[in-house]
Amino acid sequence: MTETRLMISGPTETKEMSLNPKGITLGRGAGCDVILDNPNVSRVHARISQDPFGRWIIEDIESHNGVFIEGQRIKAQAVLPNQKISIEPFTISLVQESNQPTDSVSSIHSTLPIVDKGSAEDRIIVN
């Protein structure tokens, strides 16, 4: 299983935190899950959540200074691991860590016969 963490680099410090699939809000208001203390950040600036397909989506919540990915202002966009998100003066990225041991990885292979219009076909299923 993979755990996704949120890395936030600011003018004075860098923080890392677990990311909840239901989503978190970023801003400088008291109701935000992550406080970004800077006058350039709106009270409720952005939201990061996971869609039903497992992609992480960042949404700009009508902020004044915007959310930028690769220099482009976005309204809502899927974010890839290690892709840099900019909410000036903060840089945010998603970091994925695997919880499985990497030294003993094994897969079980099995073959199932599938009949389609009278012709048999072998499919390999990897678990």
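All figures in this text were calculated on a predicted structure; none of them were measured in a lab. (Residues numbered from 1 in each chain as written. Predicted model: local features only at pLDDT ≥ 70, side-chain atom pairs only at ≥ 80, totals over all residues. Heavy atoms only, no water.)

*Asks:* Explain the overall build of the chain here, please?
*Replies:* Looking only at helices and strands, one finds zero helices and 13 strands in the chain. Mapped in sequence order, the helices and strands of the chain form the string β-β-β-β-β-β-β-β-β-β-β-β-β. Counting all 127 residues of the chain, 32% fall into the buried class. Taking as baseline every contact in the chain between residues at least 6 positions apart, the subset at least 24 positions apart corresponds to 30%. Counting every atom, the chain has about 8,600 Å² of accessible surface; 50% of that belongs to carbon and sulfur. (Helix = DSSP H or I, 4+ residues; strand = E, 2+ residues; numbered from the N terminus. Buried < 20%, exposed > 50% of the residue type's maximum accessible area, 1.4 Å probe, protein only. Contact = heavy atoms within 4.5 Å. Areas by Shrake-Rupley, 256 points an atom, 1.4 Å probe, with all protein chains shown as cover.)

*Asks:* Help me understand the pattern of salt bridges, please; the structure alone is not making it clear to me.
*Replies:* Side-chain pairing between opposite charges can occur once the charged atoms of the two side chains come close. Within this structure, the stated rule accounts for four salt bridges. E16 is the salt-bridge partner of R5, the closest N and O atoms lying 2.8 Å from each other. Separated by eleven residues along the polypeptide, R5 in strand β1 (residues 2-9) and E16 in strand β2 (residues 14-18) bring together distant segments of the chain. Residue R5 is classed as buried on the basis of its relative accessible area of 18%. A single network of salt bridges, built from pairs that share partners, joins E3, R5 and E16. (Salt bridge = Lys/Arg side-chain N within 4 Å of Asp/Glu carboxyl O.)

*Asks:* Sorry, what's going on with the nonpolar core here?
*Replies:* One broad rule of soluble globular proteins: the nonpolar side chains tend to lie buried together. Grouped together as the largest cluster of nonpolar side chains are 21 residues, with contacts concentrated most on L6, I8, L26, L36, I48, I58 and I92. Mapped by element, the contributors of at least two residues to this core are β1, β3 (24-27), β5 (46-50), β6 (56-60), β7 (67-69), β10 (85-87) and β11 (90-98). The contacts of I48, once residues within four sequence positions are left out, are L6, L19, G23, I24, L26, W56, I57, I58 and I92. (Core = buried A, V, L, I, M, F, W, Y, C linked by side-chain atoms within 4.5 Å.)

*Asks:* Can you help me understand the pairing of β3 in this one?
*Replies:* Remember that side chains alternate between the two faces of the sheet whenever the strand is regular. Alternating positions in β3 separate into two faces, I24 and L26 on one and T25 and G27 on the other, with burial throughout. Direction of pairing for β3 relative to β5: antiparallel, over a ladder of three bridges. Opposite I24, over in β5, you have I48 as the bridge partner. In terms of strand pairing, β3 meets strand β4 (residues 34-35) through two bridges, oriented parallel. Within the sheet, the bridge partner assigned to G27 lies in β4 and is I35. (Pairing = 2+ DSSP bridges.)

*Asks:* Would you mind showing me how to read unusual backbone geometry here?
*Replies:* Apart from glycine, the bulk of residues carry a negative phi angle, and the bulk of peptide bonds sit in the trans form. Going from E88 to P89, the amide bond is cis rather than trans, its omega being 5 degrees. Backbone geometry at E62 places phi at a positive 50 degrees, although glycine is not the residue there. Assignment of secondary structure puts E62 in the loop between β6 and β7.

Structural measurements only, silent on function.
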